[in-house]
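Remarks on the overall topology
Spelled out, the chains give:
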Number of protein chains: 2
Amino acid sequence: MSSLLPMGEREKSLLRTMPFISSLIGEASDQMVESASGVHCEARDIIFRQDEPSDFFYCVLSGYVRLYRLNRDGREADIRLCGPEDTFAECVLYAEGGYRYNAQATDTTLLCRFETRSVRRLAERYGAIDKAMVGVISGHFLESMDCIANDRLQTAPQRVANYLLNACEGSVETAQLRLPFPKSLLAGKLGLAPEALSRAFSTLRGSGVTVHGRLIEISDPEALRNV
Amino acid sequence: MSSLLPMGEREKSLLRTMPFISSLIGEASDQMVESASGVHCEARDIIFRQDEPSDFFYCVLSGYVRLYRLNRDGREADIRLCGPEDTFAECVLYAEGGYRYNAQATDTTLLCRFETRSVRRLAERYGAIDKAMVGVISGHFLESMDCIANDRLQTAPQRVANYLLNACEGSVETAQLRLPFPKSLLAGKLGLAPEALSRAFSTLRGSGVTVHGRLIEISDPEALRNV
DNA sequence: CGGCAGTTTGATTAATTTCAAGCAAGGTGG
DNA sequence: CCACCTTGCTTGAAATTAATCAAACTGCCG
């Protein structure tokens, strides 16, 4: 079960490094930090469920959180995977109604929790908070439109190639990367069944991708771009 | 070709009824309206292309605009379909870089165009503009997450059923609705080929859906919910 | 009466899910 | 120290779903 815990100095200073807080200065930043609570989760803890009253939004300090929706037969679809520095459920700040999806920790995870009401009140005083929120939400919105486009025009190997290229951004020659989470989570993030991800990786072997557990080597980024 | 046109009184008062303007009051609202230009488009006019510098964002006064992305082979995927009262590309206000997708009028369409730089400057003066933007963008972000979830867990007939139910919101008994755009656009919006939409409609005949051109009759909303 | 855009229908193909089974690494308890 | 189990991943085969290709149909307009 997830447990509330007071924010220590360590957590506070970690929180201050998160993009959406670090874009604030002075009192606005201090008050946001002071208004936050810590939440500690273990793997598979549910943080909130769809339709529950949306009184809080969150920022991930460490670990990963999966946002997903259920259909009537109990099948799950991942909507987003949030890692360190990501915030989630911030839309509830200005959109009424309960949460629109479920949130689950995938691992030991440390979160900051903000009370919607308090932050709204703070935003009355410090306009910079609204600006920070627009920035954060815009970024998420663009990401989610990318996701829709990718789902609709890419095959499984293309999605994986795309993910790998973004993940090792910049490397021109051979690159190596280590997945920060199990492959099954990556599959969900890309909208694939784990089996489909596995098969996509074997297809990509032909384009210079070698997989050893979570360690992935990319010998020819150019080939990957042409998948 | 789309053409810039001065905002007449008719256009200005129409603009004032758009949700994201009407949430503003007094000067903030006036200045936003004064800063807008009108754009008139004919069917198939391109409003902007992916990677072009994103100097403007838009609000639809009448008509429909299709946001879509191309892949390398020239296949298109729709990301969003914007109708009257919708704004699009507002994310560019706080996210740098060019447009992330193409925008095309699907019909004779009247738009308001806002210059990003001016609106940013206005927002310095009137914090309410930031609040309005958070509201608008949050709404779009939630919609796009719905879209991801629906794409990932619903079959074609389910997506169509879902669309119909949302479109005739509230009606308990039999309902009728008229599509405001051709079926091919609806197909794109739902992430389907036109043929798949057509087949989905014939499947739904078994759940009390009758189609006459753009006119759709739903004899049993309950059955539709169970598709 | 053509002609055309939009839509439907049929046949085929492609991609992915689903189900089932096997494999490998790591951890546990005897 | 080893047999056993668990978890995560891979592989194969079958089934589903929708895309694609091709052709026919419909209503509307000149």
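Quick note: structure is the one above.
No experiment lies behind these values; they were computed from the predicted model shown.

1. Examining the relation of the copies chain A and chain B
- Screw-axis analysis of chain A against chain B gives a translation of 0.0 Å along the axis, an RMSD of 0.0 Å, and a rotation angle of 180 degrees. The superposition operator between the copies reduces to a two-fold rotation axis.
- A shared interface surface links the copies, since 100% of the contact residues of chain A are contact residues in chain B too.

2. So, the pattern of salt bridges
- In total, this model carries 24 salt bridges over all chains according to the counting rule given.
- A salt bridge links Asp78(A) to Arg66(A); the nearest nitrogen and oxygen atoms lie 2.4 Å apart. You can see Asp78(A) sitting in strand S6 (residues 76-82) and its partner Arg66(A) sitting in strand S5 (residues 65-70), a full 12 residues away along the chain. Like Asp78(A), the residue Arg66(A) is buried in the burial classification.
- For Arg66(B), the salt bridge goes to Glu76(B), with nearest N and O atoms at 2.8 Å. Here Glu76(B) lies in strand S6 (residues 76-82) and Arg66(B) lies in strand S5 (residues 65-70), a separation of 10 residues in the sequence.

3. Re the pairing of strand S9 (residues 109-115) of chain A
All names here are of chain A.
- Taking burial as the measure, the seven residues of S9 include six buried ones, the bulk of the element.
- Inspection of the sheet shows strand S2 (residues 37-41) paired to S9 by five bridges, in the antiparallel sense. By the bridge assignment for S9, Ser37 is matched with Arg113.
- Summarising the sheet, strand S4 (residues 56-62) and S9 pair through six bridges and their orientation is antiparallel. Residue pairing across strands places Phe57 opposite Phe114, the latter belonging to S9.

Quick notes on the rules
- Residues numbered from 1 in each chain as written.
- Chains lettered and ligands numbered in written order.
- Predicted model: local features only at pLDDT ≥ 70, side-chain atom pairs only at ≥ 80, totals over all residues.
- Heavy atoms only, no water.
- Least-squares fit on C-alpha atoms with pLDDT ≥ 70 in both.
- Contact = heavy atoms within 4.5 Å.
- Salt bridge = Lys/Arg side-chain N within 4 Å of Asp/Glu carboxyl O.
- Helix = DSSP H or I, 4+ residues; strand = E, 2+ residues; numbered from the N terminus.
- Buried < 20%, exposed > 50% of the residue type's maximum accessible area, 1.4 Å probe, protein only.
- Pairing = 2+ DSSP bridges.

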